[in-house]
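Summary of structural features
Given next are the chains, with one letter for each unit.
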Amino acid sequence: MAQWQTLSRRIDAVAPSATLAVDSKAKAMKAQGMNVISFGAGEPNFPTPDHIVQAAARACLDPRNHRYTPTAGLPQLKQAIADKTLRDSGYQIDPDQVVVTNGGKQAVYETFQILLNPGDEVIIPAPYWTSYPQMVLLAGGRPVPVLSGADQGYIPSLEQLEAARTERTRAIILNLPANPTGAIWDAGLVAAVDRWAIEHQIWVISDEIYEHLTYQGAHTPYPGALVPQVRDQLIVVNGVAKTYAMTGWRVGWLVAPLPVAQAAAKLQGHMTSNVANVSQQAALAALTGGLEDVEAMRSAFALRRRAIVDALNAMEGVTCPEPLGAFYAFADVTGLLNRPVGPQGTVCATSGELAEVILEQIQVAAVPGEAFGAPGCLRFSYALADDDLAEGMRRLGAWVSA
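Let me begin by describing the structure that accompanies this report. Note that the structure is a prediction, hence the values are computed from the model and not measured. (Residues numbered from 1 in each chain as written. Predicted model: local features only at pLDDT ≥ 70, side-chain atom pairs only at ≥ 80, totals over all residues. Heavy atoms only, no water.)

Along the polypeptide, Ile205 turns up in strand β6 (residues 203-207). Assessed through its relative accessible area of 0%, Ile205 is described here as buried. With 69 residues separating them along the chain, Ile205 and Asn274 place their C-alpha atoms 23 Å apart. Not counting the four nearest positions on each side in its chain, Ile205 is found in contact with Thr111, Phe112, Leu115, Ala171, Ile172, Ile173, Leu174 and Ile235. (Helix = DSSP H or I, 4+ residues; strand = E, 2+ residues; numbered from the N terminus. Buried < 20%, exposed > 50% of the residue type's maximum accessible area, 1.4 Å probe, protein only. Contact = heavy atoms within 4.5 Å.)

Here it is as C-alpha coordinates:
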(Lines give C-alpha, C1' and ligand atoms only; values in the text may rest on other atoms or scores of the structure.)
Protein backbone atom coordinates (compact mmCIF):
# COMPACT_ATOMS: atom_id res chain seq x y z
CA MET A 1 0.00 0.00 0.00
CA ALA A 2 1.38 3.41 -0.96
CA GLN A 3 2.08 5.95 1.78
CA TRP A 4 -0.90 8.09 0.80
CA GLN A 5 -3.13 5.02 1.04
CA THR A 6 -2.37 4.28 4.68
CA LEU A 7 -5.35 4.22 7.01
CA SER A 8 -5.96 6.40 10.05
CA ARG A 9 -4.08 5.68 13.25
CA ARG A 10 -7.46 5.61 14.95
CA ILE A 11 -8.72 2.57 13.06
CA ASP A 12 -5.33 0.84 13.10
CA ALA A 13 -5.39 1.00 16.90
CA VAL A 14 -8.68 -0.90 17.10
CA ALA A 15 -8.82 -4.69 17.24
CA PRO A 16 -11.49 -6.61 15.31
CA SER A 17 -14.34 -8.20 17.25
CA ALA A 18 -13.07 -11.54 18.51
CA THR A 19 -16.55 -12.96 19.04
CA LEU A 20 -17.56 -12.18 15.46
CA ALA A 21 -14.23 -13.54 14.19
CA VAL A 22 -14.79 -16.88 15.94
CA ASP A 23 -18.37 -17.02 14.67
CA SER A 24 -17.24 -16.25 11.12
CA LYS A 25 -14.56 -18.94 11.17
CA ALA A 26 -17.00 -21.50 12.56
CA LYS A 27 -19.54 -20.66 9.84
CA ALA A 28 -16.84 -20.90 7.16
CA MET A 29 -15.87 -24.36 8.40
CA LYS A 30 -19.54 -25.42 8.39
CA ALA A 31 -19.81 -24.20 4.80
CA GLN A 32 -16.95 -26.56 3.95
CA GLY A 33 -18.98 -29.46 5.30
CA MET A 34 -17.43 -29.73 8.78
CA ASN A 35 -19.68 -30.55 11.72
CA VAL A 36 -18.77 -27.55 13.88
CA ILE A 37 -20.44 -26.96 17.23
CA SER A 38 -20.23 -23.22 17.89
CA PHE A 39 -20.37 -21.77 21.38
CA GLY A 40 -19.10 -18.48 19.97
CA ALA A 41 -21.71 -15.84 19.17
CA GLY A 42 -24.12 -14.58 21.83
CA GLU A 43 -27.21 -15.14 19.73
CA PRO A 44 -30.35 -16.98 20.89
CA ASN A 45 -31.20 -19.94 18.67
CA PHE A 46 -34.92 -19.23 19.04
CA PRO A 47 -36.93 -17.49 16.31
CA THR A 48 -38.27 -14.04 17.05
CA PRO A 49 -41.74 -14.49 18.65
CA ASP A 50 -44.47 -14.69 16.05
CA HIS A 51 -46.51 -11.69 17.18
CA ILE A 52 -43.44 -9.50 16.65
CA VAL A 53 -42.82 -10.89 13.18
CA GLN A 54 -46.48 -10.40 12.25
CA ALA A 55 -46.35 -6.79 13.41
CA ALA A 56 -43.32 -6.21 11.21
CA ALA A 57 -45.03 -7.87 8.24
CA ARG A 58 -48.01 -5.55 8.61
CA ALA A 59 -45.67 -2.58 8.93
CA CYS A 60 -44.02 -3.47 5.61
CA LEU A 61 -47.37 -3.02 3.86
CA ASP A 62 -48.06 0.38 5.40
CA PRO A 63 -46.60 3.21 3.26
CA ARG A 64 -46.08 5.31 6.37
CA ASN A 65 -43.24 2.95 7.25
CA HIS A 66 -41.49 3.56 3.93
CA ARG A 67 -40.27 6.97 5.12
CA TYR A 68 -37.80 8.51 7.55
CA THR A 69 -38.76 8.74 11.21
CA PRO A 70 -37.44 11.31 13.67
CA THR A 71 -33.75 10.62 14.25
CA ALA A 72 -34.27 9.79 17.92
CA GLY A 73 -36.97 7.24 17.13
CA LEU A 74 -40.69 6.79 16.67
CA PRO A 75 -42.54 8.71 19.41
CA GLN A 76 -44.67 5.67 20.25
CA LEU A 77 -41.57 3.48 20.61
CA LYS A 78 -39.89 6.05 22.85
CA GLN A 79 -43.02 6.07 25.01
CA ALA A 80 -42.97 2.26 25.14
CA ILE A 81 -39.33 2.36 26.28
CA ALA A 82 -40.27 4.85 28.98
CA ASP A 83 -43.13 2.57 30.08
CA LYS A 84 -40.80 -0.46 30.03
CA THR A 85 -38.27 1.43 32.18
CA LEU A 86 -40.94 2.09 34.80
CA ARG A 87 -42.14 -1.52 34.65
CA ASP A 88 -38.72 -3.19 34.87
CA SER A 89 -36.34 -0.69 36.46
CA GLY A 90 -38.87 0.89 38.79
CA TYR A 91 -38.46 4.57 38.02
CA GLN A 92 -39.98 7.09 35.66
CA ILE A 93 -38.27 8.76 32.72
CA ASP A 94 -39.42 11.19 30.05
CA PRO A 95 -39.63 9.82 26.49
CA ASP A 96 -37.45 12.76 25.41
CA GLN A 97 -34.60 11.10 27.34
CA VAL A 98 -34.71 8.14 24.92
CA VAL A 99 -32.74 7.78 21.69
CA VAL A 100 -33.47 4.69 19.58
CA THR A 101 -30.29 3.31 18.02
CA ASN A 102 -29.19 0.70 15.50
CA GLY A 103 -28.71 -1.99 18.12
CA GLY A 104 -27.40 -1.63 21.66
CA LYS A 105 -23.87 -1.49 20.26
CA GLN A 106 -24.51 1.88 18.62
CA ALA A 107 -25.90 3.21 21.90
CA VAL A 108 -22.63 2.33 23.65
CA TYR A 109 -20.54 3.79 20.83
CA GLU A 110 -22.47 7.07 20.83
CA THR A 111 -22.22 7.33 24.61
CA PHE A 112 -18.42 7.28 24.54
CA GLN A 113 -18.30 9.67 21.59
CA ILE A 114 -20.43 12.14 23.54
CA LEU A 115 -18.73 11.88 26.93
CA LEU A 116 -15.02 11.56 26.20
CA ASN A 117 -12.29 14.04 25.36
CA PRO A 118 -8.77 12.88 24.42
CA GLY A 119 -7.10 11.22 27.38
CA ASP A 120 -10.25 10.77 29.45
CA GLU A 121 -10.34 7.43 31.25
CA VAL A 122 -13.13 4.87 31.52
CA ILE A 123 -13.02 2.19 34.21
CA ILE A 124 -14.08 -1.13 32.69
CA PRO A 125 -14.56 -4.07 35.07
CA ALA A 126 -13.00 -7.15 33.51
CA PRO A 127 -13.77 -9.67 32.16
CA TYR A 128 -15.58 -7.25 29.87
CA TRP A 129 -17.54 -7.30 26.63
CA THR A 130 -14.90 -7.20 23.94
CA SER A 131 -16.11 -3.99 22.26
CA TYR A 132 -16.01 -1.68 25.29
CA PRO A 133 -12.26 -0.87 25.22
CA GLN A 134 -12.24 -0.50 21.44
CA MET A 135 -15.10 1.99 21.56
CA VAL A 136 -13.30 4.00 24.23
CA LEU A 137 -10.20 4.11 22.04
CA LEU A 138 -12.24 5.24 19.04
CA ALA A 139 -13.51 8.15 21.14
CA GLY A 140 -9.95 9.17 22.03
CA GLY A 141 -10.25 7.85 25.57
CA ARG A 142 -8.20 5.43 27.61
CA PRO A 143 -9.76 2.16 28.81
CA VAL A 144 -8.77 1.19 32.35
CA PRO A 145 -9.58 -2.49 32.96
CA VAL A 146 -10.09 -3.73 36.51
CA LEU A 147 -9.75 -7.51 36.48
CA SER A 148 -11.41 -9.83 38.97
CA GLY A 149 -10.86 -13.55 38.55
CA ALA A 150 -12.83 -16.72 39.05
CA ASP A 151 -11.85 -16.69 42.73
CA GLN A 152 -13.95 -13.51 43.10
CA GLY A 153 -16.78 -14.80 40.97
CA TYR A 154 -15.62 -12.24 38.39
CA ILE A 155 -16.97 -9.42 40.58
CA PRO A 156 -14.63 -6.58 41.64
CA SER A 157 -14.59 -4.88 45.00
CA LEU A 158 -15.21 -1.17 45.44
CA GLU A 159 -11.62 -0.92 46.66
CA GLN A 160 -10.36 -2.28 43.32
CA LEU A 161 -12.43 0.28 41.43
CA GLU A 162 -11.21 3.12 43.64
CA ALA A 163 -7.61 2.05 43.11
CA ALA A 164 -8.14 2.49 39.36
CA ARG A 165 -9.61 5.99 39.68
CA THR A 166 -7.52 9.02 38.72
CA GLU A 167 -8.24 12.67 38.10
CA ARG A 168 -8.88 11.72 34.44
CA THR A 169 -11.59 9.17 35.24
CA ARG A 170 -14.69 10.23 33.33
CA ALA A 171 -16.94 7.16 33.48
CA ILE A 172 -17.41 3.58 34.61
CA ILE A 173 -19.37 1.03 32.62
CA LEU A 174 -21.42 -1.69 34.29
CA ASN A 175 -22.84 -4.68 32.43
CA LEU A 176 -25.25 -6.60 34.64
CA PRO A 177 -25.84 -9.45 34.02
CA ALA A 178 -22.38 -9.54 32.53
CA ASN A 179 -21.05 -10.68 29.21
CA PRO A 180 -18.88 -12.84 29.22
CA THR A 181 -19.24 -14.17 32.76
CA GLY A 182 -22.95 -14.13 33.54
CA ALA A 183 -22.07 -12.52 36.87
CA ILE A 184 -24.59 -10.32 38.69
CA TRP A 185 -23.31 -7.89 41.29
CA ASP A 186 -24.97 -7.64 44.67
CA ALA A 187 -27.36 -4.69 44.89
CA GLY A 188 -25.33 -3.33 47.81
CA LEU A 189 -22.21 -3.16 45.66
CA VAL A 190 -24.06 -1.43 42.82
CA ALA A 191 -25.49 1.12 45.24
CA ALA A 192 -22.02 1.71 46.67
CA VAL A 193 -20.66 2.28 43.16
CA ASP A 194 -23.48 4.76 42.55
CA ARG A 195 -22.58 6.74 45.66
CA TRP A 196 -18.87 6.57 44.81
CA ALA A 197 -19.59 7.87 41.31
CA ILE A 198 -21.66 10.74 42.70
CA GLU A 199 -18.89 11.67 45.15
CA HIS A 200 -16.23 11.74 42.42
CA GLN A 201 -18.42 13.14 39.58
CA ILE A 202 -18.10 10.05 37.40
CA TRP A 203 -20.63 9.03 34.75
CA VAL A 204 -22.24 5.62 35.26
CA ILE A 205 -23.01 3.73 32.04
CA SER A 206 -25.32 0.80 32.70
CA ASP A 207 -25.55 -1.82 29.95
CA GLU A 208 -28.73 -3.74 30.76
CA ILE A 209 -29.10 -5.79 27.57
CA TYR A 210 -29.38 -9.11 29.51
CA GLU A 211 -31.67 -7.79 32.25
CA HIS A 212 -34.40 -10.44 31.88
CA LEU A 213 -32.04 -13.43 31.64
CA THR A 214 -31.46 -14.26 35.31
CA TYR A 215 -31.58 -17.54 37.21
CA GLN A 216 -31.94 -19.06 40.67
CA GLY A 217 -33.94 -16.14 41.98
CA ALA A 218 -31.29 -13.58 41.06
CA HIS A 219 -32.44 -10.15 39.90
CA THR A 220 -30.81 -7.45 37.83
CA PRO A 221 -29.73 -4.53 40.07
CA TYR A 222 -30.70 -1.25 38.39
CA PRO A 223 -28.36 1.63 39.35
CA GLY A 224 -31.03 4.24 38.69
CA ALA A 225 -33.48 2.56 41.06
CA LEU A 226 -31.02 1.84 43.87
CA VAL A 227 -29.73 5.41 44.21
CA PRO A 228 -32.10 7.88 42.51
CA GLN A 229 -29.58 10.72 42.83
CA VAL A 230 -27.30 9.02 40.30
CA ARG A 231 -29.80 9.50 37.47
CA ASP A 232 -28.34 12.93 36.66
CA GLN A 233 -25.12 11.15 35.65
CA LEU A 234 -26.52 7.81 34.50
CA ILE A 235 -26.76 6.54 30.92
CA VAL A 236 -28.63 3.29 30.39
CA VAL A 237 -28.07 1.29 27.19
CA ASN A 238 -30.35 -1.56 26.21
CA GLY A 239 -32.14 -3.22 23.30
CA VAL A 240 -34.42 -6.00 22.13
CA ALA A 241 -31.72 -8.31 20.73
CA LYS A 242 -31.13 -10.75 23.59
CA THR A 243 -34.45 -10.59 25.45
CA TYR A 244 -36.67 -11.16 22.42
CA ALA A 245 -34.30 -13.14 20.13
CA MET A 246 -34.07 -10.14 17.80
CA THR A 247 -30.33 -9.83 17.15
CA GLY A 248 -30.85 -9.29 13.42
CA TRP A 249 -33.49 -6.56 13.79
CA ARG A 250 -30.92 -4.06 15.12
CA VAL A 251 -32.91 -2.00 17.60
CA GLY A 252 -31.39 -0.62 20.77
CA TRP A 253 -31.66 2.56 22.76
CA LEU A 254 -30.05 4.77 25.34
CA VAL A 255 -31.76 6.58 28.21
CA ALA A 256 -29.89 9.60 29.48
CA PRO A 257 -30.22 13.07 31.00
CA LEU A 258 -31.83 15.32 28.40
CA PRO A 259 -28.63 17.15 27.27
CA VAL A 260 -26.92 13.79 26.64
CA ALA A 261 -29.94 12.42 24.76
CA GLN A 262 -30.03 15.55 22.61
CA ALA A 263 -26.31 15.20 21.88
CA ALA A 264 -26.81 11.54 20.93
CA ALA A 265 -29.58 12.45 18.51
CA LYS A 266 -27.35 15.13 16.99
CA LEU A 267 -24.52 12.64 16.52
CA GLN A 268 -26.83 9.97 15.13
CA GLY A 269 -28.24 12.47 12.66
CA HIS A 270 -24.83 12.60 11.01
CA MET A 271 -24.14 8.85 11.32
CA THR A 272 -27.16 6.73 10.47
CA SER A 273 -30.22 8.95 10.85
CA ASN A 274 -33.12 6.85 12.16
CA VAL A 275 -33.38 3.13 12.78
CA ALA A 276 -35.29 1.24 10.08
CA ASN A 277 -38.98 1.99 10.47
CA VAL A 278 -40.13 -1.63 10.22
CA SER A 279 -37.62 -2.71 12.85
CA GLN A 280 -38.91 0.01 15.17
CA GLN A 281 -42.45 -1.27 14.69
CA ALA A 282 -41.22 -4.78 15.55
CA ALA A 283 -39.54 -3.45 18.70
CA LEU A 284 -42.76 -1.67 19.65
CA ALA A 285 -44.63 -4.96 19.39
CA ALA A 286 -41.98 -6.65 21.51
CA LEU A 287 -42.06 -4.09 24.31
CA THR A 288 -45.84 -3.87 24.48
CA GLY A 289 -46.53 -7.58 24.05
CA GLY A 290 -45.69 -8.98 27.46
CA LEU A 291 -42.90 -11.28 28.63
CA GLU A 292 -44.44 -14.74 28.19
CA ASP A 293 -42.18 -15.69 25.26
CA VAL A 294 -39.20 -14.28 27.14
CA GLU A 295 -39.98 -16.49 30.12
CA ALA A 296 -40.14 -19.58 27.90
CA MET A 297 -36.71 -18.79 26.45
CA ARG A 298 -35.31 -18.03 29.89
CA SER A 299 -36.51 -21.41 31.17
CA ALA A 300 -34.75 -23.16 28.30
CA PHE A 301 -31.56 -21.19 28.96
CA ALA A 302 -31.74 -22.16 32.63
CA LEU A 303 -31.62 -25.88 31.75
CA ARG A 304 -28.73 -25.36 29.33
CA ARG A 305 -26.88 -23.30 31.92
CA ARG A 306 -27.04 -26.14 34.42
CA ALA A 307 -25.91 -28.68 31.83
CA ILE A 308 -22.92 -26.70 30.57
CA VAL A 309 -21.66 -25.63 33.99
CA ASP A 310 -21.81 -29.22 35.26
CA ALA A 311 -20.05 -30.51 32.15
CA LEU A 312 -17.25 -27.94 32.32
CA ASN A 313 -16.60 -28.41 36.02
CA ALA A 314 -16.39 -32.18 35.48
CA MET A 315 -13.35 -31.67 33.22
CA GLU A 316 -9.94 -31.89 34.87
CA GLY A 317 -8.15 -28.54 34.69
CA VAL A 318 -11.34 -26.52 34.12
CA THR A 319 -13.15 -24.32 36.65
CA CYS A 320 -16.40 -22.55 35.85
CA PRO A 321 -18.11 -20.30 38.42
CA GLU A 322 -21.87 -20.54 38.25
CA PRO A 323 -23.33 -17.71 36.11
CA LEU A 324 -26.52 -16.14 37.47
CA GLY A 325 -27.45 -14.29 34.30
CA ALA A 326 -27.07 -13.87 30.52
CA PHE A 327 -26.30 -17.05 28.53
CA TYR A 328 -22.57 -17.53 28.89
CA ALA A 329 -20.33 -19.85 30.87
CA PHE A 330 -16.87 -18.38 31.44
CA ALA A 331 -14.45 -21.15 32.26
CA ASP A 332 -10.99 -20.77 33.77
CA VAL A 333 -8.82 -23.14 31.70
CA THR A 334 -5.39 -22.30 33.11
CA GLY A 335 -5.20 -25.94 34.23
CA LEU A 336 -5.08 -26.99 30.57
CA LEU A 337 -2.25 -24.64 29.60
CA ASN A 338 1.47 -25.38 29.38
CA ARG A 339 0.97 -29.14 29.50
CA PRO A 340 0.07 -31.81 26.93
CA VAL A 341 -3.67 -32.05 26.33
CA GLY A 342 -5.83 -33.98 23.89
CA PRO A 343 -5.04 -37.16 21.97
CA GLN A 344 -2.13 -35.46 20.20
CA GLY A 345 -0.59 -34.13 23.42
CA THR A 346 -0.80 -30.53 22.22
CA VAL A 347 0.78 -27.90 24.47
CA CYS A 348 -0.94 -24.49 24.48
CA ALA A 349 0.62 -21.48 26.16
CA THR A 350 -2.49 -19.28 26.02
CA SER A 351 -6.25 -19.63 25.97
CA GLY A 352 -6.13 -18.12 22.49
CA GLU A 353 -4.01 -21.02 21.29
CA LEU A 354 -6.26 -23.47 23.13
CA ALA A 355 -9.36 -22.09 21.38
CA GLU A 356 -7.66 -22.52 18.00
CA VAL A 357 -6.64 -26.10 18.80
CA ILE A 358 -10.06 -27.30 19.94
CA LEU A 359 -11.67 -25.72 16.89
CA GLU A 360 -9.21 -27.44 14.57
CA GLN A 361 -9.06 -30.81 16.32
CA ILE A 362 -12.64 -31.40 17.49
CA GLN A 363 -14.59 -28.65 15.67
CA VAL A 364 -15.78 -26.94 18.85
CA ALA A 365 -15.75 -23.13 18.78
CA ALA A 366 -15.33 -21.00 21.91
CA VAL A 367 -14.04 -17.46 22.37
CA PRO A 368 -10.66 -17.03 24.12
CA GLY A 369 -10.47 -14.97 27.29
CA GLU A 370 -7.93 -12.57 25.79
CA ALA A 371 -10.84 -10.96 23.94
CA PHE A 372 -12.43 -10.09 27.28
CA GLY A 373 -9.35 -8.93 29.16
CA ALA A 374 -9.10 -12.26 30.97
CA PRO A 375 -6.34 -14.51 29.56
CA GLY A 376 -6.57 -18.13 30.64
CA CYS A 377 -10.32 -18.41 30.12
CA LEU A 378 -12.77 -19.51 27.43
CA ARG A 379 -16.29 -18.18 26.91
CA PHE A 380 -19.00 -20.65 25.94
CA SER A 381 -22.38 -19.30 24.84
CA TYR A 382 -25.16 -21.71 25.72
CA ALA A 383 -27.66 -19.96 23.44
CA LEU A 384 -27.58 -22.95 21.08
CA ALA A 385 -29.67 -26.06 20.59
CA ASP A 386 -29.73 -28.62 23.40
CA ASP A 387 -28.38 -31.44 21.23
CA ASP A 388 -25.52 -29.26 19.97
CA LEU A 389 -24.64 -28.24 23.50
CA ALA A 390 -24.54 -31.84 24.68
CA GLU A 391 -22.46 -32.96 21.70
CA GLY A 392 -20.02 -30.06 22.05
CA MET A 393 -19.46 -30.75 25.74
CA ARG A 394 -19.10 -34.48 25.03
CA ARG A 395 -16.38 -33.76 22.44
CA LEU A 396 -14.55 -31.34 24.71
CA GLY A 397 -14.74 -33.63 27.73
CA ALA A 398 -13.42 -36.59 25.74
CA TRP A 399 -10.62 -34.45 24.29
CA VAL A 400 -9.52 -33.14 27.69
CA SER A 401 -9.50 -36.62 29.26
CA ALA A 402 -7.77 -38.36 26.33
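Further remarks concern the nonpolar core. Counting 45 residues, the largest nonpolar core has Leu77 and Ile172 as the members making the most contacts within it. Of the residues forming this core, the biggest block, 6 residues, is contributed by helix α11 (residues 277-288). Listed in part, the 42 residues of the second largest apolar core include Ile209, Ala245, Val333 and Ala383. (Core = buried A, V, L, I, M, F, W, Y, C linked by side-chain atoms within 4.5 Å.)

Helix length check: helix α5 (residues 103-115), at 13 residues, gives a terminal C-alpha distance of 19 Å against a target of 18 Å (1.5 Å per residue), a fit within 8%. If you check which residues of α5 are buried, you get Gly103, Gln106, Ala107, Val108, Glu110, Thr111, Phe112 and Leu115. (Expected span 1.5 Å × (residues − 1).)

With respect to burial, β6 is a largely interior element, 5 of its 5 residues being buried. Because side chains alternate across β6, one face comprises the buried residues Trp203, Ile205 and Asp207, and the other comprises Val204 and Ser206, equally buried. In this sheet, β6 lies alongside strand β5 (residues 169-175) in parallel orientation, the contact comprising 5 bridges. Across the sheet, residue Ala171 finds its bridge partner in β6, namely Trp203. Sheet topology places β6 next to strand β7 (residues 234-239); 4 bridges connect them, and they run parallel. Following the sheet pairing, Ile205 is matched in β7 by Ile235. (Pairing = 2+ DSSP bridges.)

Quick look at the sheet that holds strand β9 (residues 328-332) now. Taking strand neighbours across the sheet as the criterion, the 3 strands line up as β9-β14-β13 in an open arrangement whose pairing is antiparallel. For this open sheet the edge positions go to β9 and β13 (367-368), each flanked by a neighbour on one side alone. One ladder, built from 2 bridges, connects β13 with strand β14 (residues 377-381); its direction is antiparallel. Note that in β14 the partner of Val367 across the bridge is Arg379.

In this model helix α14 (residues 386-401) runs 23 Å from its N-terminal to its C-terminal C-alpha over 16 residues, within 8% of the 22 Å that 1.5 Å per residue would give. Those residues of α14 that fall on the buried side of the exposure criterion are Leu389, Gly392, Met393, Arg395, Leu396, Trp399 and Val400. In a view along the axis of α14, the buried residues occupy a sector of 160°, so they form one face of it. Residues of α14 that are exposed and angled more than 90 degrees away from the buried face: Asp387, Arg394 and Ser401. (Arc of directions from axis to C-beta.)

For the rest of this paragraph, the subject is the state of the cysteines. Within the structure shown, the criterion is met by 0 disulfides. Considering cysteine sulfurs only, Cys377 is the nearest to Cys320, which forms no disulfide, with 9.3 Å between them. Here Cys348 is not disulfide-linked; the sulfur of Cys377 is the nearest cysteine sulfur, at 15 Å. (Disulfide = S-S within 2.5 Å.)

With that settled, the discussion passes to the packing of helix α3 (residues 50-60) against α11. At a minimum axis separation of 8 Å, α3 and α11 run at an interaxial angle of 145°. When you trace α3 past α11, the crossing you get is right-handed. Contact residues: His51, Ile52, Ala55, Ala56, Ala59 and Cys60 in α3; Val278, Gln281, Ala282, Ala285 and Ala286 in α11. In the contact of α3 with α11, the residues fall into 9 nonpolar, 2 polar and no charged. (Axes fitted to C-alpha atoms, helices over the stretch in contact; angles between N-to-C directions. Left-handed = near helix turned anticlockwise from the far one by under 90°. Nonpolar A, V, L, I, M, F, W, Y, C, P; charged D, E, K, R; others polar.)

Read these as layout, nothing more, since geometry by itself doesn't imply function.
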